[in-house]
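Chains, contacts and geometry: an overview
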Amino acid sequence: MPPSDYIRTRKLSQEPSNSNESFFSKVVDSHPYFPNLSVSASDISSVKHAALVLVYSSLLLRSNGCQVDDEVEHKKKLMEFFDTNSGGTQESSAMSQLSCTKVTGGITNALFRVSGFQSITSLTAADFDSVLVRIFGAEGMIDRDIETSTYAALCNADIAYKYMGRFSNGRIEGWLDGYHPLQNQDLTDETTSLEIAKEMARLHCLFDVPEGELRDHHCGTELDVISVGLWDQLSSWMEQAKGYSEFKTAKDTERARALQLDKIEMEVQTIIQSFAATEEENDSGDSTASICGSSSKPNVVFCHNDLLLANIMKNKTTGHIQLIDFEYGGSNYAAFDMANHFNEYAGGTTTKENGVPDYTRFPNSERQTKFCVEYVKMTKRLESMKSDITDQADYNGGQKEMVIEEDEGIMNEAIQLLSHVQKFILVNHLYWGLWAVNQAAEEGCEEFDYLTYASNRFNEYYVKKSEWEEK
């Protein structure tokens, strides 16, 4: 289902016969969408209620093969369970068995874990006990129709984990039992770092954006050419940042002025022009190019674009890595995804760090090289397997395995990739610095100091730029 189906559903929900119906829903991306059901992050009861509605509706759809053959019957079953006319006997019993806890770590969205579904006797089909409730933040900065459709497609490709449905201002996802978000000390473990490289390669190599609206958005409409939204996004965020005359407080307005955004704008323009000129010079193509790019032109793939520690989950028992939170994902340079991850070693995005990264944790050249080598080896393995396997599920099920030995060719390709990464480390600082300025203007700095974070990212940009010019 295309992202525009969310728009059509919202329009239907506002028709007189539906506008007061909180249980009005349609199936979009094979999962329920309740456009009239809103959740407040300050009201735990509303969080639990939304989780229960979406879970119950999802189980009804699952029993019917993800199709609503009779929408009237589907709605009737929902109304019977929640029994809004008589106080909701089943709902009251179910709600009393659910627990809700706030999940820390995210600064864009409000996250909650709702547990206890397997203890509800009327939900015997539930093969899980917990779900993640995500209440959207960053209003206006992320197209949630595109983002949710993309997330559903990633789940279908076995890249992301369990999409279960959407409500007005958020969605329900599966809970990763036995996993924990990475901590700073995890990145000192080389094995963990190399597992991240493998999972990044898996995303870049295996995920093809589905044809139609979603592919047109992420990849453009030109045949055999994948467009990159990085430069337009950078320009758009620059224009947005410069457009704010006032922030939430007078102090923040002064702090924003101290960032000297006019100077930052010159840096953005220079860097965009530099990359544009380089790409024009190399548009003749390179027959030796791989997923890592040619010697002069970085490769374009579907990227996560935000691989900070909180977006990387690790299984406590197996060590398996699972990437989460793809809301900034899209077609981009593979080297940008890697540069972003290296910059995120420094942290700064937790409420405890409050916008202050520690760049002494930035990975050294040896660690970066090992990461790139592992990434290249994994892409070679996946490309070889894809050429031999007609059924994608054969790989996802782990039925085949290839060993790619490290040799001179692998090392040369890794060094080539790393040369691209070094350039994008600069771009990445501007990217998230501008994002932080806009977040500060829209949401303020009371809960997280976005302006301190912006200042630190811009300062590190100038440090890295100076180092680059000295080479």
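Use the structure listed above.
Residues numbered from 1 in each chain as written. Predicted model: local features only at pLDDT ≥ 70, side-chain atom pairs only at ≥ 80, totals over all residues. Heavy atoms only, no water.

Quick notes on the nonpolar core
Of all hydrophobic cores here, the largest spans 98 residues; its most connected members are W231, L234, I271, F424 and W435. Among the elements that line this core, the one with the most residues is helix α14 (residues 408–443), at 18 residues. Among all residues touching I271, those that are not within four sequence positions of it are W231, L234, L426, V427, L430 and Y461. (Core = buried A, V, L, I, M, F, W, Y, C linked by side-chain atoms within 4.5 Å. Buried < 20%, exposed > 50% of the residue type's maximum accessible area, 1.4 Å probe, protein only. Helix = DSSP H or I, 4+ residues; strand = E, 2+ residues; numbered from the N terminus. Contact = heavy atoms within 4.5 Å.)

Description of the sheet that holds strand β7 (residues 170–174)
With mixed pairing, the seven strands of this open sheet are ordered in space as β1-β2-β6-β7-β5-β4-β3. Two strands close off the open sheet at either side, each with one partner strand: β1 (26–28) and β3 (99–103). Across the sheet, the mean angle separating the axes of adjacent strands is 30 degrees when strand polarity is ignored. Here strand β4 (residues 110–115) runs beside strand β5 (residues 130–135); their pairing, made up of six bridges, is antiparallel. (Pairing = 2+ DSSP bridges. Axes fitted to C-alpha atoms, helices over the stretch in contact; angles between N-to-C directions.)

Here's the deal with the packing of helix α6 (residues 190–206) against helix α11 (residues 334–344)
Their axes nearest at 11 Å, the elements α6 and α11 cross at an angle of 150 degrees. As the angle between them shows, α6 and α11 are arranged roughly antiparallel. α11 is crossed by α6, and the crossing has right-handed handedness. For the pair α6 and α11, contact is made by I196, M200, L203 and H204 and by A334, D337, M338 and H341, respectively. (Parallel < 35°, antiparallel > 145°, perpendicular 65-115°, else oblique. Left-handed = near helix turned anticlockwise from the far one by under 90°.)

A closer look at the sheet that holds strand β8 (residues 179–181)
Strand order in this open sheet of three strands is β8-β10-β11, and the pairing throughout is antiparallel. Single-partner strands in this sheet number two, and they are β8 and β11 (321–323). Direction aside, the axes of adjacent strands within the sheet are offset by 30 degrees on average. Bridge count for strand β10 (residues 312–315) against β11 is three bridges, and the pairing is antiparallel. By the bridge assignment for β11, K314 is matched with I321.

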